[in-house]
Amino acid sequence: MCGIVGVIDSKDCQKIVFEGLKKLQYRGYDSAGICLKNDKGLHTYKTKGTIDSLIKKSPEIKDAYVAIGHTRWATHGEVSEKNAHPITSLNGEWAIVHNGIIENFEELKDNLVKEGHVFKTETDSEVIASLLSLKNFKNDVENLIWATKKLKGSYAFCAMKNDKERSIFIAKNKSPLYIYCKDNTSIVASDPICFPEGEYYKMEDLEFAQVSQSEVIFYNIKGEKIIKQPITNMAVMQDVSKNGYEHFMLKEIYETPEALQNLYTNLKDYDFSKIKKWWINKVKLIGCGTAFHSCLMGARFFKKFLKIDAEAITASEFRYDYEILDSTTLCIFVSQSGETADTIAAAEKAKKFTKKIISLTNVAHSTLASISSITLPISAGPEIAVASTKAYCCQVAALYLLANAFTEKRFDKALKKIKRLSNILERFYVNLGKFAFDIAGENSIFFIGRGADYVTALEGALKLKEISYINCNAFAAGELKHGVLTLIEKETPVIVIATDKKIIEKTMNSAFEAKARGAKLYLITALPPHLVNIEKFEMCLSLPNVDKDLICVLTTIPLQLLAYNVAVMKGNNPDMPRNLAKAVTVE
Ligand code: F6R
């Protein structure tokens, strides 16, 4: 994972690196570092924690003209200052920043150790710095290609040499890397959001470049120069502020109605004619984490509205499992970031069997979007908090629209329902302080539901666990009696989601079975009190009664707010939960 930035600029390279790294913190924030070059040599500063800590720690080096920086999500080696990047070779000749995983690093390390190399970090990345320092080719690009050819795995790295040259050397395989070069400033970064408006270059796998202040020379793996065409930068990140909210997560939960409104606007005139012509036999919906939960919801929509075989699979399983795919299979990949490594690899696998690949993503220039036949924007707007909130609601709503897009009449109706939902949501934001206070001290919390409510329970449990660090688990209500009841003790909180009138008695039976064993029950429902035996619950949150297929969006919001409140009560930063990153770009 991780985010990397490299800059060549005579005036502001330190500032540009810091600004870029701040934008890349969605890729991880375990540690950060910068290496600057001036006429006196290389100067490296590293720290555990965020870019703000790095900025405090790094003296200003005004005469620096090249710099590389890194924000890390630890894969190999503990989170420590020592393992932070940039990493320099033992002889101090090269400094590198790396994003990805070098899969053969142990073998490479063993060989290098035999040749007398001493390793200073526990990272896989250090082999890159060591390999670069091993040979003394006349040309540094030869050196770069020679070293890179030894690597297996995923990598995007920037290397700079301890000399007076104003150059950065870069290589890429499977991890993203982009270059901006204009007006005597060059920037290399993991995401074009680090660039000013204008054109930039996208590196492809096994391409290399020497980036100088006003020029980029590209090479293929044979060391031959290649010409690349720039693309226009549409990814400039708006300056996103908290807008008076204490955290991005809270702001983003409150932005859901507006996001749904944008989804409505962006999809109302969308041309679905290509999709409508496809002969589809079954649908696979693939994603990770929260996006997987929206796939579960999406599969329900496809089965219900199209009466077609539809199944949701987590991308990490899809990659390696026995999947029966052919040219009539529609594969839908859902990813907020569009950069999740498992989802991208799953899409690559699917492409070998079918051309019917649709991605739903929030980032138009993402890798996932670029490899899909069709991309639908989920239109959630920038989501900064690590825990996905408004994006989930938009994914579910977009899948609802997609499943209804095959006939015009249905689609029009579906659109109207999304608009209505967005209006209702504007007026529906509840105070969950008391509920949160009640459960904040617990060690273990269960969520149960049936059908769509079970999917909501899964998402509610994920949200709460990821930012409160409480062990939360969701179960299909009917499954409790098949094992989970053993975990119910006196006062164990069980949050029951029950919005479906048809099966309300069944859900209540499961809840009361847990209560009979001592559980404290909390209820989230849209059904009238006489149907849900309200007196048996510690607390009941009543939702307005909206369309039965879309109530799942509404039900999710109090669960997001609950998670937020609990995290804040526990003193956790809900925007940057420990051990996580917004875009999981490694396997
Ligand atoms: C949970 C969360 C993660 C992501 C998952 C996939 O709140 O944010 O579970 O949903 O890492 O990310 P994307 O959607 O970017 O592929």
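Residues numbered from 1 in each chain as written. Predicted model: local features only at pLDDT ≥ 70, side-chain atom pairs only at ≥ 80, totals over all residues. Heavy atoms only, no water.

Visitor: Summarise the overall build of the chain; cite the residues concerned and give the values.
Guide: Scanning the chain from terminus to terminus reveals 19 helices and 25 strands. Of all 587 residues assigned to the chain, the portion counted as buried reaches 60%. Sequence-distant contacts, at least 24 apart, represent 71% of the contacts inside the chain between residues at least 6 apart. Carbon together with sulfur atoms contributes 49% to the accessible area of the chain, which is approximately 24100 Å² in total. The distance from the centre of the 76 positive side-chain charges to the centre of the 69 negative ones in the chain is 4 Å. (Helix = DSSP H or I, 4+ residues; strand = E, 2+ residues; numbered from the N terminus. Buried < 20%, exposed > 50% of the residue type's maximum accessible area, 1.4 Å probe, protein only. Contact = heavy atoms within 4.5 Å. Areas by Shrake-Rupley, 256 points an atom, 1.4 Å probe, with all protein chains shown as cover. Lys, Arg positive; Asp, Glu negative; His and termini not counted. Charge placed at Lys NZ, Arg CZ, Asp CG, Glu CD.)

Visitor: For the sheet that holds strand β16 (residues 282-287), give the residues involved together with the corresponding values.
Guide: Strand order in the open sheet made by the five strands is β17-β16-β18-β19-β20, with parallel pairing throughout. Each end of this open sheet is capped by a strand with a single partner; those strands are β17 (309-314) and β20 (374-377). Adjacent strand axes in the sheet meet at a mean angle of 20° when their direction is disregarded. The pairing of strand β19 (residues 357-361) with β20 spans four bridges and is classified as parallel. Within the sheet, the bridge partner assigned to L360 lies in β20 and is L376. Along the sheet face, helix α11 (residues 341-351) touches β16, β18 (329-335) and β19 and points at about 165° away from the line of β18. (Pairing = 2+ DSSP bridges. Axes fitted to C-alpha atoms, helices over the stretch in contact; angles between N-to-C directions.)

Visitor: Explain the site of the ligand to me, using residue names and the numbers behind them.
Guide: Near the ligand there are 14 residues, and of these S335, Q336, S337, T340 and E466 occur at the shortest range. At a separation of 3.2 Å, an oxygen atom of the ligand approaches a polar backbone atom of T290. One nitrogen or oxygen atom from the side chain of S335 is found 2.6 Å from an oxygen atom belonging to the ligand. In isolation the ligand offers 400 Å² of accessible surface; the protein chains occlude 90% of this area. (Near = heavy atom within 4 Å. Polar contact = N/O pair within 3.5 Å; in protein donor to acceptor, adjacent residues only side chain to side chain.)

Visitor: If you had to explain helix α14 (residues 408-426) to someone new, which residues and values would you point to?
Guide: Note on helix geometry: an α-helix contains 3.6 residues per turn, so any two residues three or four positions apart are oriented the same way. In this model α14 runs 28 Å from its N-terminal to its C-terminal C-alpha over 19 residues, within 8% of the 27 Å that 1.5 Å per residue would give. Turning to α14, its buried residues number three or more, namely F411, A414, L415, I418, L421, S422, I424 and L425. Contact partners of the buried residues in α14: α7 (256-268), α13 (390-403) and α19 (551-569). (Expected span 1.5 Å × (residues − 1).)

Visitor: A description of the pattern of salt bridges should follow, citing residues and the corresponding values.
Guide: Under the criterion given, the structure shown has 24 salt bridges. Where K37 meets D163, a salt bridge forms, and the shortest distance between an N and an O atom there is 2.7 Å. With K37 in strand β2 (residues 31-38) and D163 in the loop between β7 (153-161) and β8 (167-173), the pair connects residues that are 126 residues apart, well separated along the chain. When its relative accessible area of 1% is taken as the criterion, K37 is described as buried. According to the relative accessible area criterion, D163 is partly exposed, its value standing at 23%. Close ionic contact of D547 with K417 constitutes a salt bridge, the shortest N to O distance being 2.9 Å. Residue D547 is found in the loop between β25 (539-542) and α19, and its partner K417 is found in helix α14; the two are separated by 130 residues along the sequence. A relative accessible area of 25% means that K417 is categorised as partly exposed. Overlapping salt bridges, with partners in common, bring together E93, D140 and K161 in one network. (Salt bridge = Lys/Arg side-chain N within 4 Å of Asp/Glu carboxyl O.)

Visitor: Requested: an account of the domain arrangement of the chain, with residues and values cited.
Guide: Taken as a whole, the chain is organised into domain 1 (3-237), domain 2 (248-426) and domain 3 (433-569). If you average the C-alpha positions of domain 1 and of domain 2, the two centres end up 34 Å apart. Listed as interface residues are nine residues of domain 1 and, on the opposing side, six residues of domain 2. Scanning the region where domain 1 abuts domain 2 turns up zero salt bridges. Among the residues forming the side of domain 1 that touches domain 2, the class breakdown is seven nonpolar, no polar and two charged. (Domains from an automatic or database assignment. Nonpolar A, V, L, I, M, F, W, Y, C, P; charged D, E, K, R; others polar.)

Visitor: Tell me about the packing of helix α9 (residues 289-306) against helix α16 (residues 452-468), and name the residues and values.
Guide: Angle between the axes and distance between the axes are the two parameters that describe a pair of packed helices. In the contact formed by α9 and α16, the axes pass within 10 Å of each other and the chain directions differ by 175°. Considering their axes alone, α9 and α16 lie roughly antiparallel with respect to each other. Along its contact with α9, which presents G289, T290, H293, L296, M297 and R300, the element α16 presents A452, V455, T456, L458, E459, L462 and K463. When its residues are assigned to classes, the contact of α9 with α16 shows six nonpolar, four polar and three charged. (Parallel < 35°, antiparallel > 145°, perpendicular 65-115°, else oblique.)

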